[in-house]
Amino acid sequence: LIVFLELQNCDRPPLSILATAFPNVETLVLETKEYRWEEIEDMEQLEDLRNQNLAYQEGRMCWTSLRAVTADLVALYAMGLKNPLQFLEIELILELLPTHVELLRTVISTMETKTLLLALPGTPSTPSALFELFRDGLAAPLVLLKLILLFDLRLDPEESLVSGCAISVIPEERLTESSL
């Protein structure tokens, strides 16, 4: 009985294979190959895989045991998961562009989750992109939204120095005296 599944360097496997091979997974961690958005040349292929995964879920209960998912944006979008989750972590290491915002909106609105952790690059475009992302009440179902902004502080391109800050947000309608 496998309840924790971590896949490293996978290239967006079809959901039908994963859900059939590991039906009792509660926690899924997907570490896909390192992609730069510019390198994803075939959006049509990504859309095709997402549509296959969505079609697979039609009319069947798929991964009802799944409670937590950690993955990059491309993997999550391609998986097309519709499961309600307790915890969803999405990492995006590139600049948050309008295309990313739309993909994030799609993923977040499709997967009902209670806790969302977003690890995003701390770039000048991030605040306005976050505003765009959560407009129209997208965060309303959340109990907790945690943002981690990553800042690249390298002075020398050969160094590896990344710093970050975390911000926890509880939607106003979820505030109670006990949460303060």
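Note that the coordinates shown come from a computational prediction; the quantities given were computed from them, not determined experimentally. (Residues numbered from 1 in each chain as written. Predicted model: local features only at pLDDT ≥ 70, side-chain atom pairs only at ≥ 80, totals over all residues. Heavy atoms only, no water.)

Q: Any chance you could explain the overall build of the protein chain here in plain terms?
A: The helix and strand tally for the protein chain stands at five helices and seven strands. Starting at the N terminus, the α and β elements of the protein chain follow one another as β-α-β-α-β-α-β-α-β-α-β-β. Taken over 180 residues, the protein chain has a buried fraction of 42%. In the structure as shown, the protein chain presents an accessible area of about 10,200 Å², 54% of it carried by carbon and sulfur atoms. (Helix = DSSP H or I, 4+ residues; strand = E, 2+ residues; numbered from the N terminus. Buried < 20%, exposed > 50% of the residue type's maximum accessible area, 1.4 Å probe, protein only. Areas by Shrake-Rupley, 256 points an atom, 1.4 Å probe, with all protein chains shown as cover.)

Q: What is the right way to read the packing of helix α4 (residues 98-110) against helix α5 (residues 126-133) from this model?
A: Working note: a packed helix pair is described by the angle between its axes plus the distance between those axes. Two elements in contact, α4 and α5, have axes separated by 10 Å at closest approach and are oriented at 40°. Compared by their axis directions, α4 and α5 come out oblique. The handedness of the crossing between α4 and α5 comes out as right-handed. Residues V101, L104, R105 and I108 of α4 form the contact with α5, whose own contacting residues are A129, E132 and L133. Counted by class, the contact of α4 with α5 contains five nonpolar, no polar and two charged residues. (Axes fitted to C-alpha atoms, helices over the stretch in contact; angles between N-to-C directions. Parallel < 35°, antiparallel > 145°, perpendicular 65-115°, else oblique. Left-handed = near helix turned anticlockwise from the far one by under 90°. Contact = heavy atoms within 4.5 Å. Nonpolar A, V, L, I, M, F, W, Y, C, P; charged D, E, K, R; others polar.)

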